[in-house]
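Structural characterization, general
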Amino acid sequence: MNPARQCFDAMLAGRMGSRPAWMPLVDELAARVATTSYRQLSTDPGLWTSGLLGATELLSADALVAGFDPTIAAEACGAELAWTAARPVIVRPPAEVGSEPLAAPRQAALLETVRRLGTTARTHIGLVAALAGPATLALQLCPDATLDDGLKRVRAAHTAMTEAVLKTRPDLIMFIERLHGTGPEPPRAWQRAFATLRNLAGYYAVPTAMYVEGWTMQQVARLAALQMTVYVLGEGEGDALSA
């Protein structure tokens with residue numbers, strides 16, 4: 001078996017390999033490799049597939065991460081974006097959460113990209129499909145609601161997008177969560193949302209991961225209650241201040 005694939009599989013199995021698995025987030029680099037903009041890349045499965053493969057190979061990664069952009073799900077649910085930089089930003093939440101997120105161009109392009117990568121990449125490296133986590137999506141789409149209410153409002157759309165990703169059969173599904181202002185203890189509604197997601201992923205035999213930003217040490221110690229297979233720590237709450 002390919003060494004990169006061995007390293008990735010060891011991580012999923014909870015074993016310590018010869019080194020940590022290397023899973024870079026390369027969407028913007030993928031656009032440069034494909035000689036296009038990220039905006040164009042994320043609507044074209046052909047460009048997205050070739051760009052991600054090229055960027056991942058360039059960095060000698062053990063896994064390829066597709067869709068690491070939480071605005072994809074938000075846009076699919078009706079949020080308005082502004083493309084003022086390489087990455088879009090949400091400028092207006094929807095009046096109502098959209099009921100057909102899978103028809104949105106970038107969401108559909110992501111699903112097709114993961115399908116294509118499943119036939120070309122997973123024999124030699126791991127394939128990770130990323131998606132906005134339920135709390136992040138709730139805060140994006142329902143900024144004036146409580147987290148509990150926001151989670152209820154986005155549940156149907158988020159479940160639909162999650163299941164669509166799972167049907168593409170990635171090696172790992174990664175939920176992107178930003179914990180700024182959520183408090184030290186994982187809210188019970190959030191824990192219930194992840195219990196549902198774990199059960200759904202278990203049905204498709206796909207392990208789950210969480211990428212976390214805005215975390216504190218107290219929060220990290222309690223994230224184990226969400227029972228993800230893999231946790232990836234991004235920028236912590238105090239990192240930007242101390243940089």
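Thresholds applied
- Residues numbered from 1 in each chain as written.
- Predicted model: local features only at pLDDT ≥ 70, side-chain atom pairs only at ≥ 80, totals over all residues.
- Heavy atoms only, no water.
- Phe/Tyr/Trp six-rings, centres within 6.5 Å; stacked < 30°, edge-to-face > 60°.
- Helix = DSSP H or I, 4+ residues; strand = E, 2+ residues; numbered from the N terminus.
- Buried < 20%, exposed > 50% of the residue type's maximum accessible area, 1.4 Å probe, protein only.
- Core = buried A, V, L, I, M, F, W, Y, C linked by side-chain atoms within 4.5 Å.

Attention now moves to the packing of aromatic side chains. Inspection of the entire model under this criterion finds 5 aromatic pairs. Considering the side-chain rings of tyrosine 38 and tryptophan 83, the 6.1 Å spacing of their centres and the 40° angle between planes classify their relative orientation as tilted. You can see tyrosine 38 sitting in helix 3 (residues 38–41) and its partner tryptophan 83 sitting in the loop between strand 2 (80–82) and strand 3 (89–92), a full 45 residues away along the chain. We classify tyrosine 38 as buried; its relative accessible area is 4%. Plain terms: the ring middles of phenylalanine 68 and tyrosine 211 are 4.7 Å apart, the flat faces sit at 85° to each other, and that makes the pair edge-to-face. Placement of phenylalanine 68 in the loop between strand 1 (63–66) and helix 5 (71–76) and of tyrosine 211 in strand 6 (residues 208–213) is noted, with a sequence separation of 143 residues between them. Both residues of the pair, phenylalanine 68 and tyrosine 211, count as buried.

It is worth spelling out the nonpolar core at this point. Side chains that are nonpolar tend, in soluble globular proteins, to be buried together. Core analysis: the biggest nonpolar cluster contains 61 residues, and Leu52, Leu137, Leu141, Trp190, Phe194 and Met210 have the highest contact counts within it. One finds Met11, Leu172, Ile176 and Ala209 within the second-largest nonpolar core, a separate group that totals 14 residues.

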